[in-house]
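Chain by chain, the residues run as shown.
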Amino acid sequence: MSSYSVTEPSPRQKWAAGILVIGYALITILPLVWIITTSFKSPSDAIAYPPKTFFTPTVEGYVNVFTTRTRLSPEQLQALGEPTTWYDKLVRKDGLVISGPSRFAERFTNSVIIGFGSTVLCIVLGTAAAYAFSRFKVPLKDDLLFFILSTRMMPPIAVAIPIFLMFRSLGLSDTHAGMILLYTAVNLSLSVWLLKGFIDEIPIEYEEAALIDGYTRFQAFYKVVLPQAATGIASTAIFCLIFAWNEYAFAVLLTSGNAQTAPPFIPTIIGVSGQDWPAVAAGATLFLVPVMVFTILLRKHLLRGITFGAVRK
Amino acid sequence: MAQIKIQNVRKEFGAFTAVRSSSFTIEDGEFFMLLGPSGCGKTTTLRMMAGLELPTSGEIFIDGEEVGMKPASQRDIAFVFQMFALYPHMNVRKNISYPLVSQGLRGEEVKTRVAEVARILKIEHILDRPVGGLSGGDRQRVALGRAIVRRPKAFFMDEPLGALDAEFREHMAEELRALHDRMGATTVYVTHDQLEAMQMGDKIVVMNHGSVEQFGKPQQIYDWPATKFVAQFIGSPSMNFLEFDGMIGIGGTSVDLGGIRINVPAAREGRAGRLTLGVRPEHVTFRDDAPYRGRISAVEYLGTTQIVTLSTEHGDLKARISSAQTAREDELLGLDFDARTLSLFDAESGRAMISEGNEGVLAHG
């Protein structure tokens, strides 16, 4: 508080700041725009050079990402008769026919189950641990906290081989439970530390007041601390979800048939029939949606969460 | 309501002893002040009574029942925190009704009780507001409302006026005292402000360094401090201390202060060595032919009275005299002390020596 400048920035400073922010926003938004526009292009438009800014939009990419297709000879196509659905018609003009659904929906569902499952577990365990660290006399508290943090001091993938072997012998390879456990383990240190910061900020008097008012320790935690920690929990949940959602290396290594998530699946779309960039872009675009929705829903909390500790009430 | 008894209560935090062996009794319906400088253990003592802290040893009785190890939720007491601790995610009405909900009260009963409390505290108009935007005084009233709504055995207040600005504090202090008189509930009130303690309390415990220094009615404590610490802590300006080497026997009625005989209340115990004579500023009068002399070094004007600082053989001495009297700097004056009000302390231990004056006050404490 003390080292605050109370001087209003000059109009020139405001302009400079505005231009910087807009420039930064453009740089970050450009890849997203690129992916989203590509997903609506035809394959030839997608690889056109120079890149096409204006093009005839098509949902072919989206059709392709959800289906598998077979190339047939004109005679065979003739024999099939008229296409029955709009998406059939769409692929037919390239000499293809839809032979079945792709595994994208399944992979996407896996991502949702594993991403949200590990986030929920991370928040439940993290809140409980953070509360204990914040409020109770835990022997060797500082050492334990450091130990928890130290699990993040190397890239998680550095322990990929031991984890691969452990998962194999425990029967956790390629299971939802295994991936949820793994992502929870990786995220838990972040979640404990973030949440401890938030809970530390909640004055202990609130709980004491609740204890005096006749509530048990658990009720005080549940009814008084949790609502106060909502901001922290929301922003921690977003961080956890983004990590679990985007994780690629472990997913490649540990999942294949059953529990494969979307990130390792999306690149495999490429090879089905030539380089189908619109289909890849469509998969990536769809993949963005859940995290985006989740973040938008919690964005008010997120903003407060990012600045936590900076402003004293 | 409730009588509260503290017996040999001790609290250690690791190597630090916050409260060492305190004992006192708070009678039913009393407005009781725990007074002392910060870090003296007064808040810890209160928190042990409330059950927010467990005593290391000793016993706490509420209404004859030993509650030392009972959780706060089972003691049926209310606590008003310095920072109010209103639940920020609830509005005023919910804050006040929260303790009732835990008792299992429902619907109409809760509504009636909250309305009654709101009327007493004059906060009916803010019942449906969130607590975030309330002024300090209103927050204080809501905190009080949450305390009184459940009709507890006792109220514990930890510097409840500390967060208010000075102007408003006095007003709230009056309101608090009036509320207490109306409800008649035992109230234990922690403060470091001796004026607040004197003004509001039926009884005061003065604590220092984790120990009870004195326990009694405000006037007893002011008139007959048990230790030099109490004498200095209570009263503004504080009691003058004149340190000298001398002696007094049992039944002695005077001491020899640098060759001048000063009358004191008849001694009930004797001592020889380093002694301290304690004189309240208002018990110093000027008399030209008095043998004890002092030269005026400063005069502070306070409206109806003035504080005159005099340098004497035994250091600076402050006198409170009427502003009608004239006092000029550098004037050499004879000083008279009101013999019936003087205290003698053992300079080493700081303990007051028992005399005719204080035996009634200090004998039981």
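Residues numbered from 1 in each chain as written. Chains lettered and ligands numbered in written order. Predicted model: local features only at pLDDT ≥ 70, side-chain atom pairs only at ≥ 80, totals over all residues.

**Remarks on the overall build of chain A**
Applied cut-off: Helix and strand definitions here come from DSSP, where helices need a minimum of 4 consecutive H or I residues and strands a minimum of 2 consecutive E residues; each element is numbered from the N-terminal end. Between the buried cut of 20 or more and the exposed cut of 12 or fewer other C-beta atoms within 10 Å of a residue's own C-beta lies the partly exposed class, and all C-beta atoms are placed from the backbone. Contact between two residues is assigned whenever their backbone-derived C-beta positions fall within 7 Å.
Counting secondary structure elements, chain A contains 16 helices and 2 strands. Each principal axis of the C-alpha atoms in chain A carries an extent, and together these give about 85 × 65 × 40 Å. Within chain A, buried positions represent 33% of all 313 residues. Sequence separation of at least 24 residues holds for 76% of the intrachain contacts in chain A that already meet a minimum separation of 6.

**Thoughts on the overall build of chain B**
Across its full length, chain B holds 9 helices and 20 strands. Out of the 365 residues in chain B, the part that is buried amounts to 43%. Looking at chain B alone, contacts between residues at least 24 apart form 65% of all its contacts between residues at least 6 apart.

**With respect to the environment of Glu196 of chain B**
All names here are of chain B. Position of Glu196 relative to the elements: it lies in helix 6 (residues 194–200). In sequence terms Glu196 and Leu35 are 161 residues apart; their C-alpha atoms lie 9.4 Å from each other. Setting aside residues no more than four positions away along its own chain, Glu196 makes contact with Leu161, Ala173 and Thr191.

**Re the interface of chain A and chain B**
Put simply, the rule reads: Throughout, the ten residues Ala, Val, Leu, Ile, Met, Phe, Trp, Tyr, Cys and Pro are labelled nonpolar, Asp, Glu, Lys and Arg are labelled charged, and all others, Gly among them, are labelled polar.
Contacts between chain A and chain B engage 14 residues on the former and 18 residues on the latter. Those elements giving two or more residues to the side of chain A that touches chain B turn out to be helix 10 (205–212) and helix 11 (217–228) of chain A. In terms of residue count, helix 10 of chain A provides more of the side of chain A that touches chain B than any other element does, 6 residues in total. Its residues assigned to classes, the side of chain A that touches chain B shows 8 nonpolar, 3 polar and 3 charged.

**A short note on the pairing of strand 3 (residues 31–35) of chain B**
Residue and element names in this part refer to chain B. Condition: Two strands make a pair as long as DSSP finds a minimum of two bridges between them.
With 5 of its 5 residues buried, strand 3 lies for the most part within the structure. Residues Phe31, Met33 and Leu35 of strand 3 are buried on one face, and the alternating residues Phe32 and Leu34, pointing to the opposite face, are buried as well. With 5 bridges joining them, strand 3 and strand 8 (residues 186–191) adopt parallel strand pairing. Its bridge partner lying in strand 8, Leu35 is registered against Thr191. The pairing of strand 3 with strand 9 (residues 203–208) spans 4 bridges and is parallel. By the bridge assignment for strand 9, Phe32 is matched with Lys203.

**Focus: the packing of helix 1 (residues 11–39) of chain A against helix 15 (residues 277–297) of chain A**
Residues and elements named next belong to chain A. In plain terms, the rule: All axes here are fitted lines through C-alpha atoms, helices being fitted over the stretch that makes contact, and every angle between N-to-C directions spans 0 to 180 degrees. An angle counts as roughly parallel when it lies under 35 degrees, as roughly antiparallel when it exceeds 145, as roughly perpendicular when it falls between 65 and 115, and as oblique in every other case. Crossing handedness follows the turn of the near helix against the far one: under a right angle anticlockwise gives a left-handed crossing, and clockwise gives a right-handed one.
Two elements in contact, helix 1 and helix 15, have axes separated by 7 Å at closest approach and are oriented at 120 degrees. Between helix 1 and helix 15, the crossing angle belongs to the class labelled oblique. Crossing of helix 1 against helix 15: the hand is left-handed. Of the residues in helix 15, those in contact with Ile35, Ile36, Thr38 and Ser39 of helix 1 are Trp277, Pro278, Ala281, Ala282, Ala284 and Thr285. Residues belonging to the contact of helix 1 with helix 15 are distributed by class as follows: 7 nonpolar, 3 polar and no charged.

**Description of the sheet that holds strand 18 (residues 315–322) of chain B**
All names here are of chain B. Taken together, 5 strands build an open sheet; the order of strands is 15-19-16-17-18 and the sheet is antiparallel. Of all strands in the sheet, those with a lone pairing partner are strand 15 (284–286) and strand 18, marking the two edges. Strand-to-strand twist in this sheet, taken as the mean axis angle between neighbours without regard to direction, amounts to 50 degrees. Pairing analysis gives 7 bridges linking strand 16 (residues 292–302) to strand 17 (residues 305–312), with the strands arranged antiparallel. Of the residues in strand 17, the one forming a bridge with Glu300 is Ile307.

**Observations concerning unusual backbone geometry**
For the bond from Tyr49 of chain A to Pro50 of chain A, the omega torsion is -5 degrees, close enough to zero to count as cis. Mapped onto the elements, Pro50 of chain A comes out in the loop between helix 2 (43–46) and helix 3 (60–66). The linkage connecting Ser236 of chain B with the following residue, Pro237 of chain B, adopts the cis geometry, with an omega of -5 degrees. Structurally, Pro237 of chain B can be placed in the loop between helix 8 (228–233) and strand 11 (240–248). Backbone geometry places Asp63 of chain B, a non-glycine residue, at a positive phi of 55 degrees. Relative to the helices and strands, Asp63 of chain B resides in the loop between strand 4 (57–62) and strand 5 (65–66). With 15 C-beta atoms counted inside 10 Å, the residue Asp63 of chain B sits in the partly exposed group. A positive phi angle, near 70 degrees, is found at Phe84 of chain B, a position not held by glycine. Examined against the element boundaries, Phe84 of chain B turns out to sit in the loop between strand 6 (77–80) and helix 2 (92–102).

**Details of the domain arrangement of chain A**
All names here are of chain A. Which entries qualify depends on this criterion: Reported domain spans reflect what an automatic or database domain assignment gives.
Parsing chain A into structural domains produces domain 1 (11–39), domain 2 (60–102) and domain 3 (105–306). Computed from C-alpha atoms alone, the centre-to-centre distance between domain 2 and domain 3 is 40 Å. On the domain 3 side, the residues contacting the 9 residues of domain 2 number 10 residues. Looking at the side of domain 2 that touches domain 3, the elements that each hand over two or more residues are helix 3 and strand 1 (67–71). It is helix 3 that provides the largest number of residues to the side of domain 2 that touches domain 3, a total of 6 residues. A per-class count over the side of domain 2 that touches domain 3 returns 4 nonpolar, 3 polar and 2 charged.

**Some thoughts on the packing of helix 3 (residues 107–121) of chain B against helix 4 (residues 136–148) of chain B**
All names here are of chain B. Following both chains from N to C, one finds helix 3 and helix 4 inclined at 135 degrees, their axes separated by 10 Å at the closest point. Classified by the interaxial angle, the pair formed by helix 3 and helix 4 is oblique. For the element pair helix 3 and helix 4, the recorded crossing hand is right-handed. Of the residues in helix 4, those touching helix 3 at Val117, Ala118 and Leu121 are Arg141, Leu144, Gly145 and Ile148.

**As for helix 4 of chain B**
Residue and element names in this part refer to chain B. In plain terms, the rule: A helix is expected to span 1.5 Å for every residue after the first.
With 13 residues, helix 4 extends 18 Å from end C-alpha to end C-alpha; this agrees with the ideal 18 Å at 1.5 Å per step. Burial analysis of helix 4 places 11 of its 13 residues in the buried class, which makes it a mostly covered element. Residues Asp138, Arg139, Gln140, Arg141, Val142, Ala143, Leu144, Gly145, Arg146, Ala147 and Ile148 constitute the buried set of helix 4.

**Brief notes about the nonpolar core**
This is how it is decided: As used throughout, a nonpolar core is a set of buried Ala, Val, Leu, Ile, Met, Phe, Trp, Tyr and Cys residues joined through C-beta atoms within 7 Å of each other.
In terms of nonpolar packing, the biggest core is built from 144 residues, with Phe156 and Val188 of chain B touching the most fellow members. Of all the elements, helix 9 (residues 176–200) of chain A adds the most residues to this core, at 11 residues. Ignoring anything within four residues of it in the chain, the contact list for Val188 of chain B reads Ile4, Ile26, Phe32, Leu34, Leu46, Met49, Ala154 and Phe156 of chain B. Counting 17 residues, the second largest nonpolar core, distinct from the first, contains Tyr62, Val91, Ala262 and Ala279 of chain A.

**Remarks on the sheet that holds strand 11 of chain B**
Residues and elements named next belong to chain B. The 3 strands are arranged 11-14-20 in an open sheet whose pairing can be described as antiparallel. If you trace the sheet from one side to the other, it starts and ends with strand 11 and strand 20 (343–346), each paired once. Averaged over all pairs of adjacent strands, the angle between their axes in this sheet comes to 35 degrees, without regard to strand direction.

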